[in-house]
Amino acid sequence: MDSLFDFDGPPDRYAVMGNPVSHSKSPQIHQALARQTGQRIVYEAIQVDPGGFSQAVGNFRAAGGKGLNVTVPFKQEAWTYAEERSERAEQAGAVNTLLFLDSGLVRGDNTDGVGMVRDIVLNHGCAISGRRLLILGAGGAVRGVLGPVLAERPARVVIANRTAEKAEILARAFGGNLVMEGCGFDALGDETFDLVINGTAASLHGESLPLPDGILAVHGACYDMMYGLEVNPFLQWGEAQGASRLMDGLGMLVEQAAESFWLWRGVRPDTAPVIASLRGG
Ligand code: ATR
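Below is a summary of the structure that appears in this document. (Residues numbered from 1 in each chain as written. Predicted model: local features only at pLDDT ≥ 70, side-chain atom pairs only at ≥ 80, totals over all residues. Heavy atoms only, no water.)

1. As for the pattern of salt bridges
Part 1 of the argument: This model, assessed by the stated rule, comprises 13 salt bridges.
Part 2 of the argument: When the shortest N-O distance is used, the salt bridge between Lys-75 and Asp-112 registers 2.9 Å. Of this pair, Lys-75 sits in helix α3 (residues 75-81) while Asp-112 sits in helix α5 (residues 112-123), and the two are 37 residues apart along the sequence.
Part 3 of the argument: On the accessibility criterion, Asp-112 (11% relative accessible area) is buried.
Part 4 of the argument: Between Asp-109 and Arg-88 there is a salt bridge, with the nearest N and O atoms lying 2.7 Å from each other. Of this pair, Asp-109 sits in strand β6 (residues 106-109) while Arg-88 sits in helix α4 (residues 87-92); the two residues are 21 residues apart in sequence, bridging distant segments of the chain. Comparing Asp-109 with Arg-88 shows no difference in burial state: the two are buried.
Part 5 of the argument: One connected set of salt bridges, linked through shared partners, spans Arg-88, Asp-109, Arg-118, Glu-259 and Arg-268. (Salt bridge = Lys/Arg side-chain N within 4 Å of Asp/Glu carboxyl O. Helix = DSSP H or I, 4+ residues; strand = E, 2+ residues; numbered from the N terminus. Buried < 20%, exposed > 50% of the residue type's maximum accessible area, 1.4 Å probe, protein only.)

See below:
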C-alpha cells in the first residue's frame, strides 16, 4: 500500500523504441544497471509502427518519460527528432539515445561507437590505437561507430563492402583523413590487418563474406558487432585464420547501454557483472 509519507514519488521512466523490439535485451540490461547503482527507474520496450515514431515519442514524453533508447529502424528519425545533437551523433547520422532535458529541449546522442570501442579496448584489452583496422560493411552500423574508432587513432582503416561504392563514399565522408580507404572485398589481399571488425548483416543471415586468406596479421583479432548467433560464419573464418581473439557484440550492447545510462543518470555502472550474467544465459 502506498504510504501518505512516501516522498520518493514514482520512478523515472525510460524505454527502448524499435520494430521489432520484443527480443531486445535493453530492459534487462538497464534494470540490472539500475539495481547495481541504486537508481529508481522503470525501463520498458515499446514497439512502434512504421510512420508512428514522432507520435510515440510525443506520447512517451507527455506521460513523463525522461529518456529513450532508439533502435532499428528509427535511429535516423530519432536524429531528425532531436533538437540538438552530440558531435558523435552528428558524425553517425543516427541517434540511439534521446534525453528529454528539464529545459524542454530534446538532445540526441549516439553511444554505439563508444560502446564498441570500450568493449574492444577495455573489456578485451585489444588496442585500436596505432593498429591497422579492416572494417567490413558500409551501412548504418558501421557509420555509427566510425567516429569513436577514428578517435582512437588507428594507424590505418580500410572499409570493405559488398557494394564497393558505398565503402568509398563512407571513407570519403570521414575523410580529410589519409588513413581511411574504401573498397570492395575483391580488392583485399595485398595487406594484413591487426583487427577485423564485421559490421555487415551477413552473419545474421548465416552467410560468409568472400574474404581472402592471409589478411589477418599474426596475433590479429576479429570482432563481430552481432551477438547471440548460434553459428557466426565471420568468427568461424577468424578462427580458421588463427585469430588471437574472437569477440562478439554482446559487450558492445552492454557498454552502449551503460553510456546511455550515464547520460541519463550521471552514474557510471560496472558493466562486467552485467556482461557476465548475460553470457551465463
Ligand atoms: P545496418 O544499418 O545494420 O548497417 P544496412 O544499412 O542495410 O544495415 O547495411 C547492411 C550492411 O551489411 C551493408 O554493408 C551490406 O552490404 P551492401 O552495402 O553491399 O548491401 C552488408 N550485407 C548484408 N548482407 C550481406 C551479405 N550477405 N554479404 C555481404 N554483405 C552483406
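2. Quick look at the nonpolar core
Part 1 of the argument: Of all hydrophobic cores here, the largest spans 27 residues; its most connected members are Met-116, Ile-159, Leu-195, Ile-197 and Tyr-223.
Part 2 of the argument: Listing elements by their share of this core, those giving two or more residues are α5, β7 (132-136), α6 (140-151), β8 (156-160), α7 (164-173), β10 (193-198) and β11 (216-224).
Part 3 of the argument: Among the elements that line this core, the one with the most residues is α6, at 5 residues.
Part 4 of the argument: Core analysis: the next-biggest nonpolar cluster, separate from the first, contains 20 residues, Ala-32, Leu-33, Leu-99 and Leu-278 among them. (Core = buried A, V, L, I, M, F, W, Y, C linked by side-chain atoms within 4.5 Å.)

3. Observations concerning α7
Part 1 of the argument: By the burial criterion, the buried members of α7 are Ala-167, Leu-170 and Ala-171. Within α7, the buried residues cover an arc of 100 degrees as seen down the axis, which keeps them to one side. Exposed residues on α7 whose side chains face more than 90 degrees from its buried face are Glu-165, Arg-172 and Ala-173.
Part 2 of the argument: Where the residues of α7 are buried, they touch α6, β8 and β9 (180-183). (Arc of directions from axis to C-beta. Contact = heavy atoms within 4.5 Å.)

4. So, the packing of helix α1 (residues 26-37) against helix α10 (residues 272-279)
Part 1 of the argument: For the pair α1 and α10, interaxial distance at closest approach is 10 Å and the crossing angle is 140 degrees. When the axes of α1 and α10 are compared, the pair comes out oblique. For α1 against α10, the interelement crossing comes out right-handed. Side by side, α1 and α10 meet where Gln-28, Ile-29, Ala-32, Leu-33 and Gln-36 of the first sit next to Pro-273, Val-274 and Leu-278 of the second.
Part 2 of the argument: Partitioning the contact of α1 with α10 into residue classes produces 6 nonpolar, 2 polar and no charged. (Axes fitted to C-alpha atoms, helices over the stretch in contact; angles between N-to-C directions. Parallel < 35°, antiparallel > 145°, perpendicular 65-115°, else oblique. Left-handed = near helix turned anticlockwise from the far one by under 90°. Nonpolar A, V, L, I, M, F, W, Y, C, P; charged D, E, K, R; others polar.)

5. Here we look at the environment of Thr-111
Part 1 of the argument: Within the secondary structure, Thr-111 is located in the loop between β6 and α5.
Part 2 of the argument: Residue class for Thr-111 comes out buried when judged on its relative accessible area of 0%.
Part 3 of the argument: A sequence separation of 14 residues divides Thr-111 from Thr-97, and the C-alpha atoms of the two residues are 7.2 Å apart.
Part 4 of the argument: Setting aside residues up to four positions removed in sequence, Thr-111 forms contacts with Arg-88, Asn-96, Thr-97, Gln-256, Glu-259, Ser-260 and Leu-263.
Part 5 of the argument: Looking at Thr-111, its side chain comes within polar contact range of the main-chain oxygen of Gln-256, at 3.0 Å.
Part 6 of the argument: Side chain to side chain, Thr-111 and Ser-260 meet in a polar contact 3.4 Å long. (Polar contact = N/O pair within 3.5 Å; in protein donor to acceptor, adjacent residues only side chain to side chain.)

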